[in-house]
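Analysis of the macromolecular model
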Amino acid sequence: MAGEPQADCLFCKIVAKEVPATVVRETATTLAFRDINPQAPTHVLVIPKSHHPDAGSLAAAEPEAAADVLREAGLVAVDEKIADTGYRIVFNTGSGAGQTVFHAHAHVLGGRGLNWPPG
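What counts as what
- Residues numbered from 1 in each chain as written.
- Predicted model: local features only at pLDDT ≥ 70, side-chain atom pairs only at ≥ 80, totals over all residues.
- Heavy atoms only, no water.
- Core = buried A, V, L, I, M, F, W, Y, C linked by side-chain atoms within 4.5 Å.
- Buried < 20%, exposed > 50% of the residue type's maximum accessible area, 1.4 Å probe, protein only.
- Helix = DSSP H or I, 4+ residues; strand = E, 2+ residues; numbered from the N terminus.
- Contact = heavy atoms within 4.5 Å.
- Pairing = 2+ DSSP bridges.
- Axes fitted to C-alpha atoms, helices over the stretch in contact; angles between N-to-C directions.

Moving on to the nonpolar core. Membership of the largest hydrophobic core comes to 14 residues, with the highest contact counts inside it found for Ala32, Val46, Leu58, Val69, Val76 and Val108. Residue assignment for this core shows that the elements contributing at least two residues are strand S3 (42-48), helix H3 (63-79) and strand S5 (106-110). The greatest single-element share of this core, amounting to six residues, is contributed by H3. For Val46, the residues in contact, after removing those within four places along its chain, are Leu31, Ala32, Val69, Glu72, Ala73, Val76, His105, Ala106 and Val108.

All right, on to the sheet that holds S3 then. Strand pairing in a sheet takes place through backbone hydrogen bonds and is either antiparallel or parallel in direction. Taken in spatial order, the five strands line up as S1-S2-S3-S5-S4 in an open sheet, and their pairing is antiparallel. Among the strands making up the open sheet, the edge pair consists of strand S1 (23-26) and strand S4 (87-90). Here the average twist between neighbouring strands, direction ignored, is 20 degrees. Bridge count between S3 and S5: five bridges; the pairing is antiparallel. Looking at S5, one finds that Thr42 is bridged to Gly110.

The next point concerns the pairing of strand S2 (residues 30-34). Among the five residues in S2, four count as buried, and that is most of the element. Note: S1 against S2, three bridges, orientation antiparallel. Note on S2: the bridge partner recorded for Val23 is Phe33. Two strands pair when backbone bridges link them, and S2 and S3 are joined in this way by five bridges, in the antiparallel orientation. Bridging across to S3, Leu31 finds its partner in Ile47.

This is the structure we're talking about:
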């Protein structure tokens, strides 16, 4: 069921503290942690604690949680001192877009120049 933890989801296991992660922020509804394969000097993932397969599903089912993820992404940028120099928030949706963990998540990237268009 949407929103419920999934036994086979890596990010649900991180939320449950069954898999370790380097947590940088946590709220009642979100968790932010460092990406294990960073693509920029700052690369933090911000996830809802509830399970939804992608950003669109999250926004449709729990718009407040989607807003929480975006708010926390901005606060991560402030904490990581990239807010003033610029940063990117990326939601990959589907395997064709590079999504590898099917639990909604935002990538907060910064600390270097980010070219456009991306990849």
